[in-house]
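Observations on chain architecture
This is what each chain is made of:
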Amino acid sequence: MHQIAIIGAGPSGCFTAQALAKLLPEARIDIIDALPVPYGLIRYGVAPDHQGTKAVIRQFERLFERQGVGFFGDVRLGETVNLEALQGLYDAVVLATGLSADRRLGVKGDDLPGVLGSGVVTRALNDHPDANPVTISERVVIVGNGNVAVDLVRLLAKGAGEFHGSDLSEAAAVQCGDVRRIDVVGRSPSDAAKFDPVMIRELGRLEQAAIHVHGLSGEGKIVEALQHLEGHAPEGATCEIHFHFGWTPEEIEGATHVTAARFRQGDARMVLPCDTVLTAIGFEGDTPGADAEGFIAPGLYATGWLKRGPRGTIPENRADAQGVAARIAADLATVTPAKPGRDGLLALVPGAVHYEQWQRIDAAERAEAPEGRVRRKIPTIAQMRSIAQQTGES
Amino acid sequence: MQIAVLYGTETGNAEMLAEDIASHLSDHDASVTNLSDFDPAGFDAGTFYVVVTSTYGDGELPASAQPFAEAMEAAKPDLSGIRFAIFGMGDSEYPETFNYGGKRLEEILTGAGAERVGERVTHDASGSDMADDLALPWIDEILSTVDA
């Protein structure tokens, strides 16, 4: 029996496991995660009011519940266990740790207090245990022209009553109740914006935000969707959203805290006074230099954003994971299984949180969901561990 | 009666449901095929088709159903005598395009002369029901009305 370890229980790791389970039904697959809880960006990156998108988790649950895939949570690569040890235990090790660092603006003032990366904010909105509390003030500038920017706009512009059915953090980590104006600024012209039209249209259902779209040019589905948004003005709106296109960030102004963001377009300048600048211009980090099939070195692979860069949605990464799995299956066909795999890892990390323990955490989160919400996430690793270690029916 | 479950998927949710329906119908020895691997010339009047599809992007067919739609458009086969049931998967977070995928695929099949049996039902990913809980009773009911 071949033994395969996947490091990272996010969507790419889970989709890789799913494809491997199909290709190699005899293999034993373990998924390791630094957190005691699985699902990575599905749990902590997909917006809390997009529960339908999070429904892919039902596929992943099946891996653990019916297909014999093992979960080893609270196992941090390089701390709890190192890569060499895992390679000694497993015939194939797949890195699926993603890219989580926010790409910086790279202009003067981009490190001022009040400038926050989208990842930092998204983790706080999702009660990620490593998230630091963030404060978002009345006037916000969001730099970026992709779906992450739209998520931030929507989450900041929604009123308390618009989160029914979500699992939004109960303001434990994010102070953002008073946003009065959001300017969304993109470098590219409107017809090259990377928003999905369906995400733009969703903004047309905001109940408390008036929307203005400036500088539209070109044509296409995105431009049409933006045109539809222009003039959205629900009665009693408490927040204004302004979209701007074709402006390049030049400087974030402020002495001890952000006071304005400055942009240029040719010789023209635009200065937007603000208290908070959110950057949604992508993610970065060191990548291991995998080839197109995810191969790094014999027995070592990468999948997902770590392999292909921080691009692509859930389905694109699923398709990519299937390609990586096919490569691993082909390589393993020439490898005689002789490694200890799961038994060895169990001995190495006796404190790991396993799937049944995650189910206990999951049940606790659902049981404690506030009125109108689907869950209340356990916010700290210590509390997660404590629930995981409870025994019996309690 | 031979049963073939055909699915169009993008994230894998419809694929999983298609597999669940097929195992539920194991007495019929139901097959499961991705629409991306299904040739419209292969429709057979002796088979009952169960079609499962999601909706993706801006109300489009999911990626794996698109080659099928193109092949249907190109081949324009006559599907009279072919019977099918169709189950859609959507997300009510996007009400403008909720289950356009199922609607569109149904139009493609009935437009070619195939007959829909039973209601087209749509599962809502943002709802609390599991797709299986909706789909398995749905297909049992439909099959009870179809000649053995």
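Residues numbered from 1 in each chain as written. Chains lettered and ligands numbered in written order. Predicted model: local features only at pLDDT ≥ 70, side-chain atom pairs only at ≥ 80, totals over all residues. Heavy atoms only, no water.

On to the domain arrangement of chain A. All names here are of chain A. In terms of domain boundaries, chain A breaks down into domain 1 (3–99 + 285–389) and domain 2 (102–282). For domain 1 versus domain 2, the separation of C-alpha centres amounts to 31 Å. Each partner contributes residues to the interface: domain 1 has 24 residues there, and domain 2 has 23 residues. In terms of surface lost to domain 2, no three residues of domain 1 exceed Tyr44, Pro48 and Arg373, which account for 33% of the buried area on that side. (Domains from an automatic or database assignment. Contact = heavy atoms within 4.5 Å. Buried area = accessible area lost by both parts, 1.4 Å probe.)

Looking at the secondary structure, you find His354(A) in the loop between α11 (342–348) and α12 (355–367). With residues up to four places along the chain from it excluded, the contact list for His354(A) reads Phe71(A), Phe72(A) and Leu346(A). (Helix = DSSP H or I, 4+ residues; strand = E, 2+ residues; numbered from the N terminus.)

Okay, the sheet that holds strand β15 (residues 268–273) of chain A next. Residues and elements named next belong to chain A. Read across the sheet, 3 strands follow the order β13-β14-β15 without closing on themselves; strand pairing throughout is antiparallel. The open sheet is flanked by β13 (248–253) and β15, the only strands paired with a single partner. The mean inter-strand angle of the sheet, taken between neighbouring strand axes irrespective of direction, is 20 degrees. When β13 meets strand β14 (residues 260–265), the two strands line up antiparallel, connected through 5 bridges. What sits directly across from Glu253, in β14, is Ala260. (Pairing = 2+ DSSP bridges. Axes fitted to C-alpha atoms, helices over the stretch in contact; angles between N-to-C directions.)

Our focus in this paragraph is the packing of helix α1 (residues 11–23) of chain A against helix α10 (residues 314–332) of chain A. A packed helix pair is summarised by two numbers, namely the angle formed by the two axes and the spacing between the axes. Residue and element names in this part refer to chain A. Packing of α1 against α10 leaves a shortest axis separation of 8 Å and a crossing angle of 45 degrees. The pairing of α1 with α10 is recorded here as oblique in orientation. Viewed along their axes, α1 and α10 form a crossing whose handedness is right-handed. Of α10, the residues touching α1 (which contributes Ser12, Phe15, Thr16, Gln18, Ala19, Leu20 and Leu23) are Ile314, Asn317, Arg318, Ala321, Gln322, Ala325, Ala326, Ile328 and Ala329. Taken together, the residues that form the contact of α1 with α10 break down as 10 nonpolar, 5 polar and 1 charged. (Parallel < 35°, antiparallel > 145°, perpendicular 65-115°, else oblique. Left-handed = near helix turned anticlockwise from the far one by under 90°. Nonpolar A, V, L, I, M, F, W, Y, C, P; charged D, E, K, R; others polar.)

Another aspect to go through is the interface of chain A and chain B. The partner chain B presents 26 residues to the 23 residues of chain A that form the contact. For the pair chain A and chain B, the summed buried surface comes to about 2000 Å²; carbon and sulfur atoms form 42% of the total. At the boundary of chain A with chain B, the tally comes to 5 salt bridges. For Glu15(B), the salt bridge goes to Arg318(A), with nearest N and O atoms at 2.5 Å. The set of elements that each furnish at least two residues to the side of chain A that touches chain B consists of α1, α3 (57–66), α7 (197–203) and α10 of chain A. Counting residues per element, the side of chain A that touches chain B draws most heavily on α7(A), at 5 residues. (Salt bridge = Lys/Arg side-chain N within 4 Å of Asp/Glu carboxyl O.)

This part covers the pattern of salt bridges. Oppositely charged side chains may form a pair once their charged atoms are brought near each other. This model, assessed by the stated rule, comprises 37 salt bridges over all chains. Here Asp320(A) ties to Lys307(A) by a salt bridge, and the two come within 2.8 Å at their closest N and O atoms. Residue Asp320(A) is found in helix α10, and its partner Lys307(A) is found in helix α9 (residues 305–308); the two are separated by 13 residues along the sequence. Side by side, Asp320(A) and Lys307(A) carry an identical accessibility label, which is buried. Close ionic contact of Arg116(B) with Glu119(B) constitutes a salt bridge, the shortest N to O distance being 3.9 Å. The exposure class of Arg116(B) is partly exposed, given its relative accessible area of 30%. Put simply, Lys108(A), Glu250(A), Glu251(A), Glu253(A), Arg262(A), Arg264(A) and Arg269(A) are held in one network by salt bridges that share partners. (Buried < 20%, exposed > 50% of the residue type's maximum accessible area, 1.4 Å probe, protein only.)

Residue and element names in this part refer to chain A. If you look at the biggest cluster of nonpolar residues, it comprises 47 residues, and the most contacted ones within it are Ile4, Ile6 and Tyr39. Top element by residues in this core is α10. It accounts for 7 residues. Those residues in contact with Tyr39, other than ones at most four positions away along the chain, are Ala9, Gly10, Pro11, Cys14, Ile57, Phe60, Glu61, Phe64, Tyr355 and Trp358. Among the nonpolar cores identified, the runner-up in size contains 43 residues, and Ala149, Val153, Val179 and Ala193 belong to it. (Core = buried A, V, L, I, M, F, W, Y, C linked by side-chain atoms within 4.5 Å.)

Residues and elements named next belong to chain A. In terms of burial, strand β11 (residues 209–213) is largely enclosed, as 4 of its 5 residues are buried. Note: β11 against strand β12 (residues 239–245), 5 bridges, orientation parallel. Paired with Ala209 across the strands is Cys239, a residue of β12. Viewed along the sheet, the connection from β11 through helix α8 (residues 221–229) into β12 turns out left-handed. (Right-handed = clockwise from strand over helix to strand, strands pointing away.)

All right, on to the sheet that holds strand β19 (residues 300–302) of chain A then. All names here are of chain A. Taken in spatial order, the 6 strands make up an open sheet running β3-β2-β1-β4-β19-β18, and their pairing is mixed. Of all the strands in the sheet, just β3 (70–72) and β18 (295–297) have a single pairing partner and so form its edges. Strand-to-strand, the axes of this sheet are offset by a mean angle of 25 degrees, without reference to chain direction. With 3 bridges joining them, strand β2 (residues 28–32) and β3 adopt parallel strand pairing. Each residue of the ladder has a partner; that of Asp30, found in β3, is Gly70. Across the face of the sheet, α1 comes into contact with β1 (3–7), β2 and β4 (92–95) while running at roughly 180 degrees to β2. Here α10 sits on the sheet and contacts β1, β4, β18 and β19; the angle it forms with β19, its principal contact strand, is near 170 degrees.

All names here are of chain A. Helix α13 (residues 381–389) packs onto α12 with a crossing angle of 110 degrees between their chain directions and a minimal axis gap of 8 Å. One finds that α12 runs roughly perpendicular with respect to α13. Viewed along their axes, α12 and α13 form a crossing whose handedness is right-handed. Note on element contacts: α13 touches α12 through Met384, Ile387, Ala388 and Gln389, opposite Gln357, Arg360, Ile361 and Ala364.

With 6 of 8 residues buried, helix α5 (residues 118–125) of chain A lies mostly within the body of the structure. Backbone geometry just downstream of α5(A) places Asp127(A) in the positive-phi region, at approximately 60 degrees.

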